[in-house]
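Examination of the molecular architecture
Here is how the chains run, residue by residue.
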Amino acid sequence: MKKHNFYAGPSILPQFTIENTAKAVQDLNGIGLSIMEISHRSKEFQAVIDEAQDLFKELLNIPEGYSVLFMGGGASTQFAMIPFNFFNKKAAYLNTGAWAKKAIKEAKFFGEVDVVATSEDKTFNYIPKGYTVPEDADYFHITTNNTIYGTEIREDLEVGVPLIADMSSDIFSRTLDVSKYTVIYGGAQKNLGPAGVTFVIIKNDALGKVDRPIPTMLNYQTHIDKGSMFNTPPCLPIYASLMTLRWIKENGGVAAMQKRAEQKANLLYSEIERNKCFKGTVTDPADRSFMNICFVMNDGFEDYEKDFMELATSQGMIGIKGHRSVGGFRASTYNALPIESVEALIEVMQEFEKKH
Ligand SMILES: *Cc1c(COP(=O)(O)O)cnc(C)c1O
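Since the structure is predicted, the reported quantities are computational estimates derived from the model, not experimental observations.

Strand order across the open sheet formed by three strands is β11-β12-β14, with antiparallel pairing between neighbours. Unpaired on one side and paired on the other, β11 (278–280) and β14 (329–332) mark the two borders of the sheet. Neighbour-to-neighbour, the strand axes of the sheet open up by a mean angle of 35 degrees, direction not taken into account.

Have a look at this one:
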């Protein structure tokens, strides 16, 4: 039976990425060697990382004066690297979920953290609004897409201080004005590639403004100076990510990804609203994520959660269990998920409704 992959991360990748990466694992471009067994200093790998950087810049329209880095450590290492490189006296953070909290925890090792607003009072089911970011903050950190709770900031915020964004789970899903950001970072394993590589888009002239000594590997300048090759980068995940970048380009670029994401999300949110058995967990439509769509059993149907899960699983739905802190269901609709998978999930929801 056809599997419909709704995992939140690691998650579905384009078939193009998987097939071409599999080929390169056997033999990279006919050179008789695997992508896994060539030096990262070889001209073949240099071409891979150069093209990946160029496609990042092209697809996201990244202005002059920014660098694109590929490193290890996951988004979670960035939670510490950000304050190491940017924290002087005080930093501002928006607390929109578990990942934001983890970022805040790391920043607190460096001094005063101003959490300007939080949605923790309602299990992070909305994006706080109407807060002010203190003018004397060194930077303001946001999580644009809250993978666990299904909320998303889908606009480029205007704040008076450097804006830093964790875009692990919505990068390449909408067009961006990168010039509004000082740093954009994320783990690849949601919308780009396999786990193991972390991307960082960073404004070069924002660095060098802290006095503390920074360990070499945690200093962004090290990686900028060495073109992400100070140490051995995660070569295979970078190669696979390059395949996804080519796939995005061939399929109309980020604007086309955004259109598909909107289509898929609108279909599923409408069904959740229409279907008597389910309800969405994010009440304000403006806050709803286009990447992670969370829903629970409607009032009166709470006892049927297991039944729906069984039915959905029997019809090939994979990874729709909600995060343990929210419960219910979460359908992740990343770029690579075909619209047919969303339609298949909706069919199961309708079949379930008929039975009850
Ligand atoms: C998954 C995720 C992370 C954690 O990424 P790692 O690469 O596992 O460290 C951080 N932020 C967000 C928004 C995520 O979705």
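So, on to the packing of helix α1 (residues 15–26) against helix α6 (residues 235–250). It is the contact of α1 with α6, at a shortest axis distance of 9 Å, that shows an interaxial angle of 140 degrees. Overall, the two elements α1 and α6 adopt an arrangement that is oblique. The handedness of the crossing between α1 and α6 comes out as right-handed. The segment α1 lies against α6, with Phe16, Thr17, Asn20, Thr21, Ala24 and Val25 engaging Leu236, Tyr239, Ala240, Met243, Thr244, Arg246, Trp247 and Glu250. A per-class count over the contact of α1 with α6 returns eight nonpolar, four polar and two charged.

Moving on, we come to the environment of Ser325. Tracing the sequence through the fold places Ser325 in the loop between β13 (317–318) and β14. Ser325 sits 202 residues away from Thr123 along the chain, and the two C-alpha atoms are 8.2 Å apart. What Ser325 contacts, discounting residues up to four positions off in sequence, is Thr123, Ile148 and Tyr149. Polar side-chain contacts of Ser325 include one of 2.8 Å to the side chain of His323.

Our focus in this paragraph is the environment of Asn85. Assignment of secondary structure puts Asn85 in helix α3 (residues 74–86). With a relative accessible area of 2%, Asn85 lands in the buried category. Residues Asn85 and Glu353, 268 residues apart in the sequence, show an inter-C-alpha distance of 53 Å.

Time to look at the pattern of salt bridges. As enumerated under the stated definition, the model contains 16 salt bridges in all. Where Asp136 meets Lys90, a salt bridge forms, and the shortest distance between an N and an O atom there is 3.2 Å. With Asp136 in the loop between β4 (112–118) and β5 (140–143) and Lys90 in strand β3 (residues 90–95), this pair connects stretches of sequence that are 46 residues apart. For Asp136, a relative accessible area of 52% gives the class exposed.

Moving on: the side chain of His4. Assignment of secondary structure puts His4 in strand β1 (residues 4–5). Looking at His4, its side chain comes within polar contact range of the side chain of Ser341, at 2.8 Å.

Take the packing of aromatic side chains next. The final tally for this structure, using the stated rule, is 17 aromatic pairs. With a centroid separation of 6.2 Å and 40 degrees between ring planes, the pair formed by Phe86 and Tyr220 is classed as tilted. Here the residue Phe86 occupies a position in helix α3, and Tyr220 occupies one in helix α5 (residues 220–225), the gap between them amounting to 134 residues. By relative accessible area, Phe86 is classed as buried at 9%. Assessed through its relative accessible area of 0%, Tyr220 is described here as buried. Cluster of aromatic residues (ring-pair linked, three or more members): Phe278, Phe295, Phe308, Phe329 and Phe352. Above the plane of the ring of Phe290 lies Arg154, whose end atom (NZ or CZ) is 3.5 Å from the centre.

In terms of domains, the protein chain is made up of domain 1 (15–250) and domain 2 (253–355). When each unit is reduced to the centre of its C-alpha atoms, the spacing between domain 1 and domain 2 is 27 Å. Each partner contributes residues to the interface: domain 1 has 27 residues there, and domain 2 has 28 residues. Of the roughly 2100 Å² buried between domain 1 and domain 2 on both sides combined, carbon and sulfur atoms contribute 53%. When the buried surface of domain 1 facing domain 2 is broken down by residue, Ile148, Arg154 and Trp247 rank first, second and third, together holding 24% of it. Inspection of the region where domain 1 meets domain 2 yields one salt bridge. Among the ionic pairs, Lys129 bridges to Asp287, the shortest N-O distance being 2.9 Å. Our count for the domain 1 to domain 2 interface comes out at 14 residue pairs in polar contact (both at pLDDT 80 or more). When contributions to the side of domain 1 that touches domain 2 are tallied by element, the ones reaching two or more residues are β7 (151–152) and α6. The leading source of residues in the side of domain 1 that touches domain 2 is α6, at three residues. Considered class by class, the residues forming the side of domain 1 that touches domain 2 number ten nonpolar, ten polar and seven charged.

The environment of the ligand is formed by 13 residues, the closest being Ser76, Thr147, Asp166, Gln189 and Lys190. Ser76 is positioned with one of its side-chain polar atoms (N or O) 2.6 Å from an oxygen atom of the ligand. About the coverage of the ligand: the protein hides 87% of its 390 Å² of free accessible area. Ranked by the residues each element gives to the shell around the ligand, the list is headed by α3, at four residues. Tallied by class, residues from the shell around the ligand come to three nonpolar, eight polar and two charged.

Definitions and cut-offs
Residues numbered from 1 in each chain as written. Predicted model: local features only at pLDDT ≥ 70, side-chain atom pairs only at ≥ 80, totals over all residues. Heavy atoms only, no water. Pairing = 2+ DSSP bridges. Helix = DSSP H or I, 4+ residues; strand = E, 2+ residues; numbered from the N terminus. Axes fitted to C-alpha atoms, helices over the stretch in contact; angles between N-to-C directions. Parallel < 35°, antiparallel > 145°, perpendicular 65-115°, else oblique. Left-handed = near helix turned anticlockwise from the far one by under 90°. Contact = heavy atoms within 4.5 Å. Nonpolar A, V, L, I, M, F, W, Y, C, P; charged D, E, K, R; others polar. Polar contact = N/O pair within 3.5 Å; in protein donor to acceptor, adjacent residues only side chain to side chain. Buried < 20%, exposed > 50% of the residue type's maximum accessible area, 1.4 Å probe, protein only. Salt bridge = Lys/Arg side-chain N within 4 Å of Asp/Glu carboxyl O. Phe/Tyr/Trp six-rings, centres within 6.5 Å; stacked < 30°, edge-to-face > 60°. Lys NZ or Arg CZ within 6 Å of the ring centre and 35° of its normal. Domains from an automatic or database assignment. Buried area = accessible area lost by both parts, 1.4 Å probe. Near = heavy atom within 4 Å. Areas by Shrake-Rupley, 256 points an atom, 1.4 Å probe, with all protein chains shown as cover.

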